[in-house]
Amino acid sequence: IKLRWEAQIERLYSTFKFGGIEVSKNEIIKYLSEGGYKKISGIGLQVMDYKRGFDLIVRDWLVTDRNVSFRTLESLFIIVNKEMRFTVNREEIKNLLDFLQSSKEHPVVLSGIAANQYEAIGSGGFAQGKLARLLSYLFLYKSGYDFKGLLKIEENFIKDKNFYRDIFNQTLKSHNLTMFLEYYAKGILEQLGEVEKDISDVRLHLNLPARNFDLNDRQKGIIAMFEQPDINLTNRKVRKLFNVSQITASRD
């Protein structure tokens, strides 16, 4: 749970930093901790909307043979870019999706193609860039490559933005994605090597208060219950299951 929480924060931070928007990790933690939209405005809303888009991929696209359609991308774009029009070449997007869903390439390769080609087709800017990032995750998760939620592809991109842009521009000129895909796959491989070390050594990288992670037995039980696909858990059910007051059930 701790490692996934950190990965989520790093993923959001890297996405916005790569798009030229500065938002600190502490600010992101604050937005996520507030857990809603009532007290959040400006950049905080953009962060939460991007998280909603990623959550949708986790919820609806993890291990599925459903086809990704133009409408899928349009809906995802609207979630992460409120009040903006989805302006891309429909035919080019359709051709890209048809290729990705008929190809027998490895999911990591498909993910890299999706990210690269969507950004090439899109009108540019941060709005389309966010969707390119999400599309790369969608084609990984669709094939079951969720890596326990610990992968943060964008983190590789911000290590050297100029190098990323150079490789990306070379693919546009040469119409050959080999160099980009090698860079993309190598970045994922190196990152997963670091994740393996984090898991084996229990390495945490953010200085977060211990209270963010301390769970009592009731709360652990509630988390376990959410493994059921169609569970409907209410305050009343928690009170009945654990014999606690309404206030305690609400806190849990």
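Residues numbered from 1 in each chain as written. Predicted model: local features only at pLDDT ≥ 70, side-chain atom pairs only at ≥ 80, totals over all residues. Heavy atoms only, no water.

Q: Tell me about the environment of Phe 180, and name the residues and values.
A: The residue Phe 180 is located in helix H10 (residues 178-201) in this model. For the pair Phe 180 and Glu 105, spaced 75 residues apart in sequence, the C-alpha to C-alpha distance is 15 Å. If we ignore the near neighbours within four places in the chain, the residues touching Phe 180 are Gly 112, Asn 116, Tyr 164, Ile 167 and Thr 171. (Helix = DSSP H or I, 4+ residues; strand = E, 2+ residues; numbered from the N terminus. Contact = heavy atoms within 4.5 Å.)

Q: Could you give an account of unusual backbone geometry, with specific residues and numbers?
A: The phi angle at Val 63 is positive, at roughly 55°, despite the residue not being glycine. Mapped onto the secondary structure, Val 63 falls in the loop between helix H3 (43-60) and helix H4 (70-80). For Val 63, a relative accessible area of 59% translates into the label exposed. (Buried < 20%, exposed > 50% of the residue type's maximum accessible area, 1.4 Å probe, protein only.)

Q: Requested: an account of the side chain of Asn 156, with residues and values cited.
A: Its location among the elements puts Asn 156 in helix H8 (residues 154-157). Of the residues examined, Asn 156 reaches a relative accessible area of 9% and is grouped as buried. Contacts of Asn 156, omitting those with residues within four sequence positions, involve Tyr 183, Gly 187, Ile 188 and Gln 191.

Q: Go over the pattern of salt bridges, please, and point to the residues and values.
A: Close approach of charged atoms allows side chains of opposite charge to pair. Evaluation of the coordinates by the stated rule reveals 12 salt bridges. The closest approach of N and O atoms between Asp 49 and Arg 52, which form a salt bridge, is 3.8 Å. A residue pair is termed a helical-turn pair when its members lie 3 or 4 positions apart in one helix, as Asp 49 and Arg 52 do in helix H3 at three residues. The exposure class assigned to Asp 49 is buried, which follows from its relative accessible area of 5%. Between Asp 55 and Lys 51 there is a salt bridge whose closest N-O contact spans 2.6 Å. Here the residue Asp 55 and the residue Lys 51 both occupy positions in helix H3, the gap between them amounting to four residues, near one helical turn. Taken together, the shared-partner salt bridges in this structure form one network comprising Asp 49, Arg 52 and Lys 82. (Salt bridge = Lys/Arg side-chain N within 4 Å of Asp/Glu carboxyl O.)

Q: Break down helix H9 (residues 161-174) for me, citing the residues and quoting the values.
A: Residues three or four positions apart in an α-helix share a direction because the helix packs 3.6 residues into each turn. Helix length check: H9 (14 residues) gives 20 Å between terminal C-alpha atoms against 20 Å at 1.5 Å per residue, within 8%. Residues of H9 that are buried in the fold lie against helix H1 (2-18), helix H6 (107-121), helix H7 (125-142), H8 and H10. Positive backbone phi, approximately 60°, marks His 175, located one or two places after H9. (Expected span 1.5 Å × (residues − 1).)

Q: Explain the packing of H6 against H7 to me, and be specific about the residues and the numbers.
A: Contact pair H6 / H7: the axes reach a minimum separation of 8 Å and the direction vectors enclose 165°. The angle between the axes of H6 and H7 places the two elements in the roughly antiparallel class. Regarding H6 and H7, the two cross each other, and that crossing is right-handed. Residue-level contacts link Pro 107, Val 108, Ser 111, Ala 114, Ala 115, Tyr 118 and Glu 119 of H6 to Gln 128, Leu 131, Ala 132, Arg 133, Leu 135, Ser 136, Phe 139 and Leu 140 of H7. In terms of residue class, the contact of H6 with H7 is built from 10 nonpolar, three polar and two charged. (Axes fitted to C-alpha atoms, helices over the stretch in contact; angles between N-to-C directions. Parallel < 35°, antiparallel > 145°, perpendicular 65-115°, else oblique. Left-handed = near helix turned anticlockwise from the far one by under 90°. Nonpolar A, V, L, I, M, F, W, Y, C, P; charged D, E, K, R; others polar.)

Q: Hey, could you go over the nonpolar core for me, with residue numbers and the actual values?
A: With 61 residues, the main nonpolar core has Ile 28, Leu 73, Phe 86, Ile 93, Tyr 118, Phe 139 and Ile 153 as its most contacted residues. No other element matches H7, which puts 11 residues into this core. Ignoring any residue separated from it by four or fewer positions in sequence, one finds Leu 73 in contact with Val 68, Phe 86, Ile 93, Leu 97, Tyr 118, Leu 131 and Leu 135. (Core = buried A, V, L, I, M, F, W, Y, C linked by side-chain atoms within 4.5 Å.)

Q: Can you break down the packing of aromatic side chains residue by residue, with the values?
A: The geometry of an aromatic ring pair is captured by the separation of the ring centres together with the interplanar angle, meaning the angle of the planes. Summed over the entire model, instances satisfying the criterion amount to 19 aromatic pairs. With 5.6 Å between their ring centres and 50° between their planes, Phe 18 and Phe 157 make a pair best called tilted. Placement of the pair is Phe 18 in helix H1 and Phe 157 in helix H8, with a sequence separation of 139 residues. The same class applies to Phe 18 as to Phe 157, namely buried. A centroid spacing of 6.2 Å and a plane angle of 55° characterise the contact between Phe 180 and Tyr 183, whose relative ring orientation is tilted. You can see Phe 180 and its partner Tyr 183 sitting in helix H10, three residues apart, about one turn around the helix. You'll find Phe 180 and Tyr 183 in the same group, each marked buried. Taken together, the ring pairs in this structure connect Phe 18, Phe 157, Phe 163, Tyr 164, Phe 168, Phe 180, Tyr 183 and Tyr 184 into an aromatic cluster. The side chain of Lys 25 reaches across the aromatic face of Tyr 13, ending 4.9 Å from its centre. Over the ring of Phe 168 we find Arg 165, and its NZ or CZ is 5.9 Å from the ring centre. (Phe/Tyr/Trp six-rings, centres within 6.5 Å; stacked < 30°, edge-to-face > 60°. Lys NZ or Arg CZ within 6 Å of the ring centre and 35° of its normal.)

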